[in-house]
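For reference, the chains in residue letters:
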Amino acid sequence: MTALHTRPIPQPITTAHEHAWSVESRHRTSDGTVLYVRCGDCGTRRVDVEQHPSMPPSALSRTLRR
Ligand SMILES: [Zn+2]
């Protein structure tokens, strides 16, 4: 039987982790609400767009249309 709590796996902050996104700013566009989020753990920034308030925001993988 394996112990559940063995050595913790070191997680360098530069590798992928579950980002703790917090919204820094937001503004409305014709495509939806653009959210500028930043991970409080590693400082990575991301731009999300929330097309419908009832749906979770999705990460922009392409540049914004003008
Ligand atoms: Zn992060």
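You'll find the structure just up there.
If you're wondering where the values come from, they're calculated on a predicted model, not measured in any experiment.

**Remarks on the environment of serine 22**
Next, step 1: In this fold, serine 22 is placed in strand β1 (residues 21-29).
Next, step 2: Note: C-alpha distance between serine 22 and valine 37 (15 residues apart in sequence) is 5.3 Å.

**Looking at the coordination of the zinc ion**
Six octahedral donors at a metal ideally form angles of 90 or 180 degrees, and four tetrahedral donors ideally form angles of 109.5 degrees.
Next, step 1: In this structure, His17 (NE2), His19 (ND1), Cys39 (SG) and Cys42 (SG) serve as the protein donors to the zinc ion, at separations of 2.0 to 2.4 Å.
Next, step 2: Every donor counted, the four donor atoms about the zinc ion form angles of 105 to 114° at the centre, which fits tetrahedral coordination.
Next, step 3: In this structure cysteine 42 comes out as partly exposed when scored by relative accessible area, which is 26%.

**Let's talk about the sheet that holds strand β3 (residues 45-50)**
As a general point, the strands of a sheet are linked pairwise by backbone hydrogen bonds and lie either parallel or antiparallel.
Next, step 1: Here four strands make up an open sheet; going across it, the order is β1-β2-β3-β4 and the pairing antiparallel. Edge strands, defined here as strands with exactly one partner in the open sheet, are β1 and β4 (58-59).
Next, step 2: The sheet contact formed by β1 and strand β2 (residues 32-39) spans eight bridges and is antiparallel. From the neighbouring strand, valine 23 faces β2, where its bridge partner is valine 37.

Rules behind the numbers
Residues numbered from 1 in each chain as written. Predicted model: local features only at pLDDT ≥ 70, side-chain atom pairs only at ≥ 80, totals over all residues. Heavy atoms only, no water. Helix = DSSP H or I, 4+ residues; strand = E, 2+ residues; numbered from the N terminus. Donors = N, O, S within 2.8 Å, 3.2 Å for Na, K, Ca; no water. Tetrahedral: all angles 85-135°; square planar, octahedral: opposite > 155°, others 65-115°. Buried < 20%, exposed > 50% of the residue type's maximum accessible area, 1.4 Å probe, protein only. Pairing = 2+ DSSP bridges.

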